[in-house]
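What the coordinates show
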Amino acid sequence: MIYYHEFLIDLPRYAELGKENDFPDIDCCPICRAKNRLQRHGFYERNALEEEMTYRIPICRLLCPDCGKTVSILPTFLLPYFQYTMACIIRILLTYWMTSSLFVARQLRRFYEKRVYGKQTEIELFFREEGEQILLPSAGKEKAIKMLQMIQALGKATFVRRWWRHRVNSFMAASLYHGSRVAKTE
Ligand SMILES: [Zn+2]
């Protein structure tokens, strides 16, 4: 499964540090809840993109000595399955919706757009549960713009962590994805 960690650094710095990064220790298994320190279990590599830059970064894996399952420590600037950072996806959409300019392929923009539209109700509910007093446009692009701006205002890392705590589906994931399948496929 995915365990989100706030590294307090951005993608370029994370890439630069590589395996020398300060990876967290986890003393309680998030899967079986056993109170044992998870063991280091190597790394896997994945791509992470931001505007024109592609980074190849290590993702630290931990193994629970009790249940034998693995946990991947994902930096909060990334989303499972998505190569672009969350900040960049939000910039792509907001830039396009507000100025019609585009710095990624059209299909990719459309794909992100569809995902955000599909998540509108859930995102709205999330903000209500967080106690935000929100007055949103009823639907469409204006509503989506407002919600992405609210995510930016809350702070992407905070949003992702809280969202992940409350939900099985990650932000932007298709409805059928489940957290436990993420580690295997990435
Ligand atoms: Zn466990």
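Scope of this entry: the structure provided in the associated data block. Computed from a predicted model, the values in this text were never measured in an experiment.

Overview of the overall build of the chain
When helices and strands are counted, the chain shows 6 helices and 4 strands. From first element to last, N terminus to C terminus, the chain shows the α and β order β-α-β-β-β-α-α-α-α-α. Of all 186 residues assigned to the chain, the portion counted as buried reaches 45%. Long-range pairs, those at least 24 residues apart, make up 57% of the contacts in the chain between residues at least 6 apart in sequence.

Points about the coordination of the zinc ion
Distances from the zinc ion to its protein donors, Cys29 (SG), Cys32 (SG), Cys64 (SG) and Cys67 (SG), fall within 2.2 to 2.4 Å. Here the zinc ion is ringed by 4 donor atoms whose angles at the metal span 104 to 116 degrees, and the overall shape comes out tetrahedral. All donors to the zinc ion come from one chain, and their sequence spacing reads C-x2-C-x31-C-x2-C.

So, the packing of aromatic side chains
Scanning the entire structure with this criterion turns up 13 aromatic pairs. Consider the rings of Phe126 and Phe159, whose centres lie 4.9 Å apart with planes at 75 degrees: the pair is edge-to-face. Residue Phe126 is found in helix H3 (residues 106–129), and its partner Phe159 is found in helix H5 (residues 156–166); the two are separated by 33 residues along the sequence. For Phe159, a relative accessible area of 0% gives the class buried. Summarising the aromatic geometry, the rings of Phe127 and Phe159 are spaced 6.2 Å apart at their centres and angled 25 degrees between planes, so their arrangement reads as stacked.

Concerning H3
A rise of 1.5 Å per residue sets the reference length of H3, with its 24 residues, at 34 Å; its end C-alpha atoms lie 34 Å apart and thus fit the reference within 8%. Bending of H3 peaks at approximately 55 degrees at the position of Gln120. Among the residues making up H3, those that are buried are Arg109, Tyr112, Glu113, Arg115, Val116, Lys119, Gln120, Ile123, Glu124, Phe126 and Phe127. Phi turns positive one or two residues past the end of H3, at Gly131, with a value near 85 degrees.

Considering the pattern of salt bridges
Think of it this way: side chains of opposite charge can pair up when their charged atoms draw near. The tally for this structure, following the rule as stated, stands at 9 salt bridges. A salt bridge links Arg56 to Glu45; its shortest N-O distance comes to 3.5 Å. Remark: Glu45 occurs in strand S2 (residues 39–50) and Arg56 occurs in strand S3 (residues 53–63); sequence separation between them is 11 residues. Members of the salt-bridge network, linked through shared partners, are Asp25, Asp27 and Arg37.

Cut-off values and rules
Residues numbered from 1 in each chain as written. Predicted model: local features only at pLDDT ≥ 70, side-chain atom pairs only at ≥ 80, totals over all residues. Heavy atoms only, no water. Helix = DSSP H or I, 4+ residues; strand = E, 2+ residues; numbered from the N terminus. Buried < 20%, exposed > 50% of the residue type's maximum accessible area, 1.4 Å probe, protein only. Contact = heavy atoms within 4.5 Å. Donors = N, O, S within 2.8 Å, 3.2 Å for Na, K, Ca; no water. Tetrahedral: all angles 85-135°; square planar, octahedral: opposite > 155°, others 65-115°. Phe/Tyr/Trp six-rings, centres within 6.5 Å; stacked < 30°, edge-to-face > 60°. Expected span 1.5 Å × (residues − 1). Bend = angle between axes of the 7 residues up to and from the residue. Salt bridge = Lys/Arg side-chain N within 4 Å of Asp/Glu carboxyl O.

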